[in-house]
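Listed below, chain by chain, are the residues.
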Amino acid sequence: MTVPGRRAAALFVSDLHIDAAHPQIAARFHEFLAHDARAATALYVLGDLFESWVGDDDPDEVQRGVIAALRELATHGVPCFVMHGNRDFLIGERFAAASGATLLPDPVLITLYGERALVMHGDALCTGDRPYQRLRATVRDPGWQRRFLALPVAARRALAGAARAGSRAHNASLAPTIADVEAPSVAAVLRAAGVGTLIHGHTHRPGIHRFDVDGIARTRIVLGDWYDTGSVLRWDSGGFELV
Ligand code: MN
C-alpha cells in the first residue's frame, strides 16, 4: 500500500509511553500501524514504546493490543525493530516472539539506502544527570534484572510505580537543560562509530541539529514523543524528513 508519489521509506518512532491511563496514545499508534506503517520498508521503535514494562509474562490489555498490532504489521511483511528505552528496558524475547519484532541493542549502527546512522534511545547521552546514569547502570545489570524478574508481578508493579514517582520528583528538581543530551557525549559516540548521523529519542525535544565534530559535518535527529501528536522520522532514498 504505497502512497502514490511518495518513495517507500523506513519509519522511526520513539517515546510513545503507551499506558492504560492515556488511551488516545495507543489509539494513535494503532492508526499509524494500520496505515502509514503498512507502506514502510521497516519500522524502528527507538525505546519507551511503553510507559512501564515489568516483564514479558504479564502484559495488560493495552500492551497486548500493541503486541497484536505489531504482529499484524509483521504479517503484512513490514519488519519491525524495537529498542529498549528507560521505561521498558525489560522487554524481552517473549515479547519479541509474540510481536514478531526484533530487539535491537542500544546503540546500534544501521545502514539504509547506502547511508549509515548510529541509533540510540538517547538516555545514555544524558551524562550530565549523574544520579540517573548510576540508576541506569544498576537496572541494566543482568544480575539485577534476573532478581527483579524473579519477584511476583504485584511486587514488580509496586516497585516500578515507586521508581516512576521517584523519577518525577528527581526530574522536577533539575534544571531542564540537565535532562538533555551532553554535546561531548554525542561527539564521542559519533566519533567512535565513525558516522555522520545519529538518531535518538528520549529527550522529547524533536529536531534536526547540524554541527561539526573533528571538522566533519554531523547530523543529530531527535524524535518527539506521542503525547499530543505522533512524531515520525521518514528515511528514504532521498534523505530524512521529521514529520
Ligand atoms: Mn526515555
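Coordinates for the structure precede this section.
About the cut-offs
- Residues numbered from 1 in each chain as written.
- Predicted model: local features only at pLDDT ≥ 70, side-chain atom pairs only at ≥ 80, totals over all residues.
- Heavy atoms only, no water.
- Helix = DSSP H or I, 4+ residues; strand = E, 2+ residues; numbered from the N terminus.
- Rg over C-alpha atoms; globule rule 2.2 N^0.38 Å.
- Buried < 20%, exposed > 50% of the residue type's maximum accessible area, 1.4 Å probe, protein only.
- Contact = heavy atoms within 4.5 Å.
- Areas by Shrake-Rupley, 256 points an atom, 1.4 Å probe, with all protein chains shown as cover.
- Lys, Arg positive; Asp, Glu negative; His and termini not counted.
- Charge placed at Lys NZ, Arg CZ, Asp CG, Glu CD.
- Salt bridge = Lys/Arg side-chain N within 4 Å of Asp/Glu carboxyl O.
- Phe/Tyr/Trp six-rings, centres within 6.5 Å; stacked < 30°, edge-to-face > 60°.

A. Looking closely at the overall build of the protein chain. Within the protein chain, the regular secondary structure consists of seven helices and 11 strands. In terms of overall dimensions, the protein chain is globule-like: its C-alpha atoms have a radius of gyration of 18 Å, near the 18 Å expected for 243 residues. By principal-axis analysis of the C-alpha atoms, the protein chain measures approximately 50 × 40 × 30 Å. Going through the 243 residues of the protein chain one by one, you find that 46% of them count as buried. Counted over contacts in the protein chain with a minimum sequence separation of 6, partners at least 24 positions apart contribute 68%. Total accessible area computed for the protein chain in this model is approximately 11,500 Å², and 56% of it derives from carbon and sulfur atoms. Considering the protein chain, the positive charge centre built from 25 side chains and the negative charge centre built from 27 side chains are found 3 Å apart.

B. Structural view of the pattern of salt bridges. Applying the stated rule across the entire model yields 13 salt bridges. Residue Arg164 pairs with Glu51 through a salt bridge whose shortest N-O separation is 3.9 Å. In this pair, Arg164 is assigned in helix α6 (residues 153-172) and Glu51 in the loop between β2 (42-46) and α2 (61-75), connecting sequence segments 113 residues apart. Judged by relative accessible area, Arg164 falls into the partly exposed class, the value being 23%.

C. Inspection of the packing of aromatic side chains at higher detail. Applying the stated criterion to the full structure yields 12 aromatic pairs. Residues Phe29 and Trp226 carry aromatic rings whose centres are separated by 5.8 Å and whose planes lie at 85 degrees to one another, so their mutual orientation is edge-to-face. Of this pair, Phe29 sits in helix α1 (residues 23-34) while Trp226 sits in the loop between β9 (216-222) and β10 (233-236), and the two are 197 residues apart along the sequence. On the basis of relative accessible area, Phe29 is assigned to the buried category, the value being 0%. An angle of 10 degrees between the planes, with centres 5.1 Å apart, marks the rings of Trp144 and Phe148 as stacked. Of this pair, Trp144 and Phe148 both sit in helix α5 (residues 142-149), separated by four residues, roughly a single helical turn. Looking at Trp144, the relative accessible area reads 24%, which means it is partly exposed. Overall, Phe148 belongs to the buried group, its relative accessible area being 9%. Within the aromatic cluster, the residues linked to one another by ring pairs are Phe12, Tyr44, Phe81, Trp235 and Phe240.

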